[in-house]
Amino acid sequence: MNYVSTRDNRLKADSLNAVLNGIAPDGGLYVGSESLFSGFDAKKTVDMDYRTKACSIMSTLLPDFENMEAVVEKAYSGKFDTSEITPLVKVGNDYVLELFHGPTSAFKDVALSMLPLLITQAMAQSKQKEETVILTATSGDTGKAALEGFKDVHGTKIVVFYPYNGVSEIQKTQMVTQQGSNVLVCAVKGNFDDCQREVKKAFVNLNGKLKGTGVRLSSANSINIGRLAPQVVYYFSAYGDLVKRGDIKWGELVDFVVPTGNFGDILAGFYAKQMGLPVGKLVCACNQNNVLEDFINTGVYDRNREFYKTQSPSMDILVSSNLERLLFMASAPDSDKKVSSWMNDLADKGRFSVDDETFSFIRQSFVSYSCSEEETRAAINSCWNESHYLCDPHTAVAWHCLKLHGKNTQNKCVVLSTASAYKFPRAVLSALGYNEDLSDFEQMSKLNKITGVPIPENLKKLENAEVRFTDVVDRQNIESFVLDYLK
Ligand SMILES: *Cc1c(COP(=O)(O)O)cnc(C)c1O
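Now for a look at the structure at hand. Residues take numbers from 1 onward in each chain, read along the sequence in its written order. Totals for whole chains, interfaces and linings use every residue, but because this is a predicted model, local features are given only for residues with pLDDT of at least 70 and side-chain atom pairs only at 80 or more, for both listing and counting. Calculation of side-chain values draws on the structure's entire complement of heavy atoms; hydrogens and water are dropped beforehand.

## Considering the nonpolar core
Argument step 1. Counting 137 residues, the largest nonpolar core has Leu-62, Phe-161, Tyr-235, Phe-256, Leu-327 and Phe-352 as its most contacted members.
Argument step 2. Helix numbers and strand numbers start at the N terminus; a helix is a DSSP run of H or I with at least 4 residues, a strand a run of E with at least 2. The greatest single-element share of this core, amounting to 12 residues, is contributed by helix H10 (residues 225–244).
Argument step 3. The residues contacting Leu-327, other than those within four sequence positions of it, are Phe-295, Val-339, Trp-342, Met-343, Phe-352, Val-354 and Ile-362.
Argument step 4. If you look at the next biggest cluster of nonpolar residues, it comprises 38 residues, including Met-315, Trp-384, Ala-396 and Val-428. Throughout this description, the term nonpolar core refers to a set of buried Ala, Val, Leu, Ile, Met, Phe, Trp, Tyr and Cys residues connected via side-chain atoms within 4.5 Å. Each residue's exposure class comes from its accessible area (1.4 Å probe, protein chains only) as a fraction of the maximum for that residue type: buried when under 20%, exposed when over 50%, partly exposed otherwise. Residues count as neighbours in contact if any of their non-hydrogen atoms are within 4.5 Å of one another.

Here you go:
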């Protein structure tokens, strides 16, 4: 039993059940024990190819899984448009780690190509005959990547909720045209936080109601440890590439700048560090919704503030679920008691404040900056005009924060690029100075004409795809919507 709930360490699970359950029975998140991280030989991964690295890291974090090699092979073969999976590109004196070469052109593909296979493997090993139903709230990119990952996977169904008017036209089109016989997509009135909170609530209620019916609920949100583990791999991959190119020697610290929303991506970087990768600072890059910047700079988390809809919608979040895992790791001993009281404060008052020891633990590894809407546009523009690199608005937020952070560090810096610019052509074109009234698809081809950067195949095909899903529900009806579907 290597995993416990962040809110009660008597609630234990092995890695198979941590993946199958998604969330612990008390609403906490599953966290791995320290022994999972400590014995790992990080240096030996330098010479491995991506899949071998993935296999070695995943088996360490999820030790109960058999057939990891086959899982990794199946997850990545033929799905990414480059054999490197996550190529590292030099831009000026810095580096961009491109995480968007998967089937939906967003970084979430790296993990969501793997999660369905982990779930079916866990089902097989624990001799479960139940059907797994994935319930997911999305701020735009998770939904499509999860639908693509679970489509027609035997023994699973997937239901995705997205905030109505909270995602881009391309993101919406990607979801409502999804193929597959086991998928359902629905819009929810409200913003992403409303959507995520209500889906979490529905999850807990339905879990009770569905006991004994042959259906088991799980989540594809980054609260699932099966989502986090595959993301650890690309930090090793980026570091290994720097060593192999001779740009650093093993042991030199590298800082990673991560466009952050739900705190999953950046937490995976912290896991890599705990496993022995020479990571310097993890730079939490926030958009105008800068609740995490304030937290990392003050130790006070306060969600009582205005919610902004920005050009980087996948980061429009005021409650970052995965922060809970960092809080747990940062507040030993008695972590579970502290975390559960902070989470109660967050639920009751919308804020909590951590003690000095916890705060200084976090400050050792994390720094944070934010980027306004105007600065996002300026970053897209200058990155293209000065470095001839086209970045999407999420990556641009990180690019801006890189420039701020660069003044405070001697380490080499890697920016994580989380989406193709073609997922957000309107915002990108406008930042480059083109403000014509065109559809998103016309914007795509215009952007292509101006920059010469190729449009990913999966996005090109969308324009003529058939719309399959048109439902919109009030947030209190999420639960009944799912029940109707399962009947
Ligand atoms: C999800 C997402 C993010 C935020 O990642 P988290 O793991 O939620 O912090 C950033 N950029 C894009 C494009 C995303 O889809």
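From this point, the narrative continues.
## Regarding the pattern of salt bridges
Argument step 1. Here, a salt bridge means any side-chain nitrogen of Lys or Arg that lies within 4 Å of a carboxyl oxygen of Asp or Glu. Summed over all chains, the structure comprises 25 salt bridges.
Argument step 2. A salt bridge links Asp-474 to Lys-189; the nearest nitrogen and oxygen atoms lie 3.4 Å apart. Placement of Asp-474 in the loop between strand E16 (472–473) and helix H21 (478–486) and of Lys-189 in the loop between strand E8 (183–188) and helix H9 (192–209) is noted, with a sequence separation of 285 residues between them.
Argument step 3. One salt bridge in this structure joins Lys-460 and Glu-457, with 3.4 Å as the shortest N-O distance. With Lys-460 and Glu-457 both in helix H20 (residues 457–460), this residue pair falls three residues apart, about one helical turn.
Argument step 4. The exposure class assigned to Glu-457 is exposed, which follows from its relative accessible area of 52%.
Argument step 5. Overlapping salt bridges, with partners in common, bring together Asp-194, Arg-197, Glu-198, Lys-201 and Arg-475 in one network.

## Some remarks on the site of the ligand
Argument step 1. We define proximity as follows: a residue is near a molecule or strand when any one of its heavy atoms falls within 4 Å of that partner. Among the 15 residues in the neighbourhood of the ligand, the closest are listed as Lys-108, Asp-141, Gly-261, Asn-262 and Thr-418.
Argument step 2. Between N or O atoms, a polar contact is any pair within 3.5 Å; within protein, one atom must be a potential hydrogen donor and the other a potential acceptor, and residues adjacent in sequence are included only when both atoms are from side chains. Asp-265 is positioned with one of its backbone polar atoms (N or O) 2.8 Å from an oxygen atom of the ligand.
Argument step 3. Within the side chain of Ser-314, a nitrogen or oxygen atom sits 3.5 Å from an oxygen atom of the ligand.
Argument step 4. Computed with a 1.4 Å probe, the accessible areas rest on the Shrake-Rupley method; for each residue, only the protein chains presented here act as cover. For the ligand, the accessible surface in isolation is 380 Å², of which the surrounding protein chains cover 98%.
Argument step 5. Asp, Glu, Lys and Arg are counted as charged, while Ala, Val, Leu, Ile, Met, Phe, Trp, Tyr, Cys and Pro are counted as nonpolar; the rest, among them Gly, fall into the polar class. Broken down by class, the residue content of the shell around the ligand amounts to five nonpolar, seven polar and three charged.

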